[in-house]
Amino acid sequence: MQWRSQLATSIIAIALAGYLLISSNSNKSLDELQAPAQPGYYLKQATLVDTGSNGNARIKLQAAQVRQNVEDETINLQEVKVKFHSEDGTPWVLTANQGTVPDKSNTVQFEGNV
């Protein structure tokens with residue numbers, strides 16, 4: 001009979017401690033709570049294709065990783081490969097360790113073993 005009263009006392013103590021813990025966290029103001037920084041987009045094994053006026057692929061950009069930096073809105077590319085077909089049909093291939101697209105830009109800046 002004694003063990004039952006000890007068990008009941010323990011359960012009540014645990015429930016009271018849990019209630020106090022929950023109520024102390026809910027008393028924080030909204031100013032004290034901060035949302036974590038939201039990530040930009042992130043892609044793996046991405047392929048981007050730009051087509052010409054005839055509908056054929058003109059530029060094909062492949063990257064192992066594409067990541068947007070939310071602080072300055074730049075886009076960072078890793079292990080980049082670009083296939084380009086000029087107007088006369090001549091194929092070109094560019095490879096680079098990394099590339100960067102500045103905010104509000106349509107230009108990729110390549111670096112590293114270009």
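Thresholds applied
- Residues numbered from 1 in each chain as written.
- Predicted model: local features only at pLDDT ≥ 70, side-chain atom pairs only at ≥ 80, totals over all residues.
- Heavy atoms only, no water.
- Helix = DSSP H or I, 4+ residues; strand = E, 2+ residues; numbered from the N terminus.
- Contact = heavy atoms within 4.5 Å.
- Areas by Shrake-Rupley, 256 points an atom, 1.4 Å probe, with all protein chains shown as cover.
- Pairing = 2+ DSSP bridges.
- Axes fitted to C-alpha atoms, helices over the stretch in contact; angles between N-to-C directions.
- Core = buried A, V, L, I, M, F, W, Y, C linked by side-chain atoms within 4.5 Å.
- Buried < 20%, exposed > 50% of the residue type's maximum accessible area, 1.4 Å probe, protein only.

Draft legend 1. Representation of the overall build of the protein chain within the structure. Within the protein chain, the regular secondary structure consists of one helix and five strands. N-terminal to C-terminal, the α/β element order of the protein chain is α-β-β-β-β-β. Considering only intrachain contacts with a sequence separation of at least 6, the fraction spanning at least 24 residues in the protein chain is 22%. With an accessible surface of roughly 9300 Å², the protein chain has 55% of that area assigned to carbon and sulfur atoms.

Draft legend 2. Broad picture of the pairing of strand β1 (residues 42-51). Here β1 pairs with strand β2 (residues 57-68) via nine bridges, running antiparallel. Note that in β2 the partner of A46 across the bridge is A63. Hairpin connection between β1 and β2: a loop of five residues separates the two successive antiparallel strands, and G55 in this loop has a positive phi of roughly 90 degrees.

Draft legend 3. Examining the sheet that holds strand β3 (residues 75-85) more closely. The strand order across the open sheet built from five strands is β1-β2-β3-β4-β5, with neighbouring strands paired in antiparallel fashion. The open sheet terminates on both sides in strands that have one partner only, identified here as β1 and β5 (109-111). Taking the axes of each pair of neighbouring strands and ignoring which way they run, one obtains an average angle of 35 degrees across the sheet.

Draft legend 4. Seen up close, the nonpolar core. In terms of nonpolar packing, the biggest core is built from nine residues, these being A46, L61, A63, V66, I75, L77, V80, V82 and V101. Among the secondary structure elements, those contributing two or more residues to this core are β2 and β3. Take this core: its biggest share by element is four residues, from β3. Setting aside residues up to four positions removed in sequence, A63 forms contacts with Q45, A46, L77, Q78 and E79.

Draft legend 5. Representation of unusual backbone geometry in the model. Of note, Q45 is a non-glycine position whose phi angle comes to about 50 degrees, a positive value. Here Q45 is to be found in strand β1. For Q45, a relative accessible area of 66% corresponds to the exposed category. For E79, which is not glycine, the phi torsion reads 50 degrees and is therefore positive. Positionally, E79 belongs in strand β3.

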